[in-house]
Amino acid sequence: MFHSFFPRPKLFFISAAIWTVICIAVWYTVGPQIGAAIGLPPLAPGEQAPVGLAFFFTPDNLWFYLYFTIFVLIFGIAWKLAERDHPWANWSIWGSAFIIFIAYFAVQVSVALNNWRGPFFDLLQAALAKQPGITAGQFYDYQLRFLEIGMVGVAMNVITAFFTNHYVFRWRTAMNDYYMSKWDKLRHIEGASQRVQEDTMRFANILEGLGVTLINSVMTLVVFLPLLFRMSEHVGDLPLIGAIPHALFWLAIAWSLFGTALLALAGIKLPGLNFRNQRVEAAYRKELVYGEDHEDRASPVTVRELFTNVRRNYFRMYWHYTYFNIARYTYGQIDAIFLNFILIPTFVAGRITMGIWQQIATAFGEVSNSFQYLVNYWSTIIELLSIHKRLVAFEAAIDDQPLPEIDRHYLEREAKGGELAADRPY
């Protein structure tokens, strides 16, 4: 799955993670000073970022684009020199870097919108309070600035969708070519054709969505956590707790980690059940296919037993999804009112304007949603894990390792002439 597309994947991902930490550490320690030294300084204390298209061309943003390019070139050239012969190195190295950059730029669109919300909603509050000096021209100008940001967002969405589609299909092609080169070792695995054709397709498609979303979540945390840290100065006492320094920052982390742990615990059995579901469905489908060409296959007794396995597994899944959904939907409902609940003392004290409240709500929501990645995509992650389990059998066969237990059970059953042995859960 990974060796076919990435050069030495374990070392590649470890080095990428370490390099990313170094890049972030350098950026938040000496990055602003280096930018100022080359004529691209950050905003001065108290200086507001421009609203609209100009936001993307401020000196500090231009410095980040240059900074990102330099660090990616160092990392990419080092790996290209180390792995000259890997056929997919260009796509896996430079393609991954480009996806990370466009994910960051998409987050910058959200930051630009958040900068727009503050002055716009403050203007709206002043207009509703009938304060003098408010004109229609001011509102039209803010709508134009919003349109500028929105068109940048549209462009980024189109570019992201187009490029990631090609990137993921290249990954699927790499997997397909690799598995077919080992077909003599793989053809005896149950459902080998399905695993090469369908599972690689589903693996690639799910990774497209989950991977881009994960990168967006990480980029969102990198950008919005410092913003939320600064905006906590507007928040006073919290209900039941009192005053906490940088309260929004710590509450967003604690609340999101709680939700992640809750959903992970509630859904711990689901990946195995989904994998089991694919197996019993494949066994039922395969027997029916045999029955099309052979009169001695797909007898009523055999088909009934196979379909009983399908039904048993689905009913087991329904039960486990019931308490998983109770936890997921209850958490989601409480999450909808969590921020406003903790801001009630701040509202009553009149510490924030409508514009600041909009900015806090956006920043808190972005950080919370990023930390709740597992909460929001747990069902899809479960499907990916079940597909991964199926493809692991290929890896075992290629490396002449023992097959996973469920595949060994299938081969034992086939050796007994198709006799249905133990139908225990796995």
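Conventions used here
- Residues numbered from 1 in each chain as written.
- Predicted model: local features only at pLDDT ≥ 70, side-chain atom pairs only at ≥ 80, totals over all residues.
- Heavy atoms only, no water.
- Helix = DSSP H or I, 4+ residues; strand = E, 2+ residues; numbered from the N terminus.
- Buried < 20%, exposed > 50% of the residue type's maximum accessible area, 1.4 Å probe, protein only.
- Contact = heavy atoms within 4.5 Å.
- Areas by Shrake-Rupley, 256 points an atom, 1.4 Å probe, with all protein chains shown as cover.
- UniProt positions renumbered as here; feature names shortened; annotations may be inferred.
- Core = buried A, V, L, I, M, F, W, Y, C linked by side-chain atoms within 4.5 Å.
- Salt bridge = Lys/Arg side-chain N within 4 Å of Asp/Glu carboxyl O.
- Phe/Tyr/Trp six-rings, centres within 6.5 Å; stacked < 30°, edge-to-face > 60°.
- pLDDT = per-residue confidence, 0-100.
- Expected span 1.5 Å × (residues − 1).
- Axes fitted to C-alpha atoms, helices over the stretch in contact; angles between N-to-C directions.
- Parallel < 35°, antiparallel > 145°, perpendicular 65-115°, else oblique.
- Left-handed = near helix turned anticlockwise from the far one by under 90°.
- Nonpolar A, V, L, I, M, F, W, Y, C, P; charged D, E, K, R; others polar.

Under an unreviewed UniProt entry, the name given to the protein chain is Peptide antibiotic transporter SbmA, and the source organism is Rhizobium puerariae.

1. Looking at the overall build of the protein chain
The helix and strand inventory of the protein chain stands at 14 helices and zero strands. Written out in order from the N terminus, the α and β elements of the protein chain read α-α-α-α-α-α-α-α-α-α-α-α-α-α. Here the protein chain holds 426 residues, and the buried ones make up 44% of them. A separation of at least 24 residues holds for 78% of the contacts in the protein chain among residues at least 6 apart in sequence. In the form shown here, the protein chain has an accessible surface area of approximately 22,300 Å², with 65% of it arising from carbon and sulfur atoms.

2. Some words on the UniProt feature "transmembrane region" (unreviewed entry) in the protein chain
Mapped onto this numbering, the UniProt entry gives "transmembrane region" (unreviewed entry) at residues 12-30, 62-79, 91-113, 149-169, 203-227 and 247-268. The span residues 62-79 shows a helical share of 100% and a strand share of 0%, and its end C-alpha atoms are spaced 26 Å apart. Counted over residues 91-113, helix gives 100% and strand 0%. Its end C-alpha atoms are 32 Å apart.

3. What to know about the nonpolar core
The biggest cluster of nonpolar side chains holds 58 residues, and the ones touching the most others in it are F56, F224, L248, I342, I360, F364 and V367. Elements represented by at least two residues in this core include exactly α1 (9-29), α3 (59-82), α4 (89-128), α5 (136-181), α7 (192-231), α8 (247-266), α10 (300-342) and α12 (354-371). With 14 residues, α4 is the largest single contributor of residues to this core. Beyond its immediate stretch of four places on either side in the chain, F56 contacts N61, Y65, F105, Q108, V109, A112 and V152. Within the second largest apolar cluster, 26 residues are counted, among which are A89, M175, L207 and L384.

4. Topic: the pattern of salt bridges
All chains considered together, the criterion is met by three salt bridges. The closest approach of N and O atoms between E83 and R8, which form a salt bridge, is 2.6 Å. Of this pair, E83 sits in the loop between α3 and α4 while R8 is found in the segment before α1, placing the two residues 75 residues apart along the sequence. For R8, a relative accessible area of 43% puts it in the partly exposed group. Between E148 and R145 there is a salt bridge whose closest N-O contact spans 2.9 Å. Of this pair, E148 and R145 both sit in helix α5, separated by three residues, roughly a single helical turn.

5. Some thoughts on the packing of aromatic side chains
Across all of its chains, the model carries 43 aromatic pairs by this definition. Both rings, one in W116 and one in F146, keep their centres 4.8 Å apart while their planes meet at 55°; by these two values the pair is tilted. Of this pair, W116 sits in helix α4 while F146 sits in helix α5, placing them 30 residues apart in sequence. For the ring pair W319 and Y323, a centre distance of 5.8 Å and an interplane angle of 75° mean the geometry is edge-to-face. Here W319 and its partner Y323 are both found in helix α10, four residues apart, which amounts to about one turn of the helix. Accessibility expressed as a relative area gives 55% for W319, which makes it exposed.

6. Here we look at the confidence of the model for the protein chain
Averaged over all residues, the pLDDT of the protein chain is 79; the fraction at 70 or higher stands at 86%. The spread of mean pLDDT over the elements of the protein chain runs between helix α14 (residues 405-415), the lowest at 52, and α3, the highest at 91.

7. Digging into α4
Helical geometry note: an α-helix holds 3.6 residues per turn, so side chains three or four residues apart project in the same direction. Here α4 is 40 residues long and its end C-alpha atoms lie 58 Å apart, about the 58 Å a rise of 1.5 Å per residue gives. Backbone geometry just downstream of α4 places K130 in the positive-phi region, at approximately 60°.

8. Observations concerning the environment of A49
Here A49 is to be found in the loop between α2 (31-37) and α3. Each C-alpha atom, one on A49 and one on N115, is 7.2 Å from the other, the two residues being 66 residues apart in sequence. Residues contacting A49, with those up to four places away along its chain left out, are L43, F55 and N115.

9. Concerning the side chain of T346
Structurally, the position occupied by T346 is in helix α11 (residues 344-349). If sequence neighbours within four positions are ignored, T346 has contacts with H234, V235, G236, D237, R351 and I352.

10. Remarks on the packing of α4 against α12
Interaxial distance between α4 and α12 falls to 6 Å at its minimum, and their mutual angle equals 155°. What the angle tells us is that α4 and α12 run roughly antiparallel. As for the relative orientation of α4 and α12, their crossing is right-handed in sense. Judged by residue contacts, S110, N114, N115, R117, G118, F121, D122, L124 and Q125 of α4 engage M354, G355, I356, Q358, Q359, T362, A363 and E366 from α12. Across the contact of α4 with α12, the residue classes tally to five nonpolar, nine polar and three charged.

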